[in-house]
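# Working through the structure, step by step
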Amino acid sequence: MAGLLLTDLIDVELLQKIQDEFSKYTGMAALTTDADGNPLTEGSAFTDFCMKYTRQSELGYKRCVASDKNAAVMALESGEPVVYVCHAGLADFASPIMLGDRLLGCFLGGQVRISSKIDEEALKETAEELGTSVIKVRRVLITEGLWSSPTSQKIMELWEQNLSTKEIAERIHYTEK
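A brief structural summary.

Criteria and thresholds
- Residues numbered from 1 in each chain as written.
- Predicted model: local features only at pLDDT ≥ 70, side-chain atom pairs only at ≥ 80, totals over all residues.
- Heavy atoms only, no water.
- Buried < 20%, exposed > 50% of the residue type's maximum accessible area, 1.4 Å probe, protein only.
- Helix = DSSP H or I, 4+ residues; strand = E, 2+ residues; numbered from the N terminus.
- Arc of directions from axis to C-beta.
- Salt bridge = Lys/Arg side-chain N within 4 Å of Asp/Glu carboxyl O.
- Pairing = 2+ DSSP bridges.
- Axes fitted to C-alpha atoms, helices over the stretch in contact; angles between N-to-C directions.
- Phe/Tyr/Trp six-rings, centres within 6.5 Å; stacked < 30°, edge-to-face > 60°.

## Topic: helix H5 (residues 120–130)
Looking at H5, one finds that the buried residues are Leu123, Thr126, Ala127 and Leu130. Across the axial projection of H5, the buried residues extend over an arc of 100°, all falling on one side. Exposed and oriented more than 90 degrees from the buried face of H5 are Glu121 and Glu128. Directly after H5, the chain includes Gly131, whose backbone phi takes a positive value near 70°.

In structure tokens, the structure reads:
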């Protein structure tokens, strides 16, 4: 089992389909990573803020990958989904994909604002780091919409209870020797 990768057990196309369906029904962005936080799938329903501003910038992309990796570590350490705020100030969750006690990957979802208040100082800093204007970043953040924390929590719980690693594990049909 040493050296076993999530992609050894399940096709990326199936991971993409599960993730796309999650995004379709919840409206949340989603991404599946390997155990190191590196993307295995294409992002589903990513927000304009994340795609046009954050991930298009070299620095922003590096911070997103680091945030994804940190989320995978938090999920592994807790052994269950975790909710966190990414480097750009959006709420996300990470749900570990485990085989026994081994982390194979992580399902990440979110990219939602759960507070109507925008931290102007953080906004200015983010815009400068990404090489764009504060006005553009604020406009995009405002148009992304606002989610309530309870709604986001319920969606995360739905994922964990009804799909999550259970769904993936059933599709793997893997038996440890």
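## Quick look at the pattern of salt bridges
The tally for this structure, following the rule as stated, stands at 4 salt bridges. Note that Glu58 and Lys62 form a salt bridge whose closest N and O atoms lie 3.3 Å from each other. Here Glu58 and its partner Lys62 are both found in helix H4 (residues 58–78), 4 residues apart, which amounts to about one turn of the helix. The exposed category is assigned to Glu58, whose relative accessible area is 61%. Overall, the relative accessible area of 51% leaves Lys62 in the exposed class.

## Observations concerning unusual backbone geometry
If you check the backbone angles, Ala45 has positive phi at about 55° while not being a glycine. Within the element layout of this structure, Ala45 appears in the loop between strand S1 (29–34) and helix H3 (48–54). Classification of Ala45 as partly exposed rests on a relative accessible area of 47%. Even without being a glycine, Gln111 presents a positive backbone phi close to 60°. Residue position: Gln111 is located in strand S4 (residues 102–112).

## Examining the sheet that holds S4
Strands belonging to one sheet form pairs held by backbone hydrogen bonds; the direction of such a pair is parallel or antiparallel. Sheet architecture is open: 4 strands sit in the order S1-S4-S3-S2, paired in antiparallel fashion. Strands with a single pairing partner mark the edges of an open sheet, and in this sheet they are S1 and strand S2 (82–85). Neighbour-to-neighbour, the strand axes of the sheet open up by a mean angle of 25°, direction not taken into account. Pairing of S1 with S4 involves 6 bridges; the strand directions are antiparallel. Of the residues in S4, the one forming a bridge with Thr33 is Cys106.

## What to know about the packing of aromatic side chains
Scanning the model with the defined rule gives 3 aromatic pairs in all. Their ring planes at 45° and their centres at 6.2 Å tell us that Phe93 and Phe107 sit as a pair that is tilted. Here Phe93 is found in strand S3 (residues 91–99), whereas its partner Phe107 is found in strand S4, with 14 residues between them in sequence. Given a relative accessible area of 3%, Phe93 falls into the buried group.

As far as function goes, none of this settles anything; it's purely spatial.
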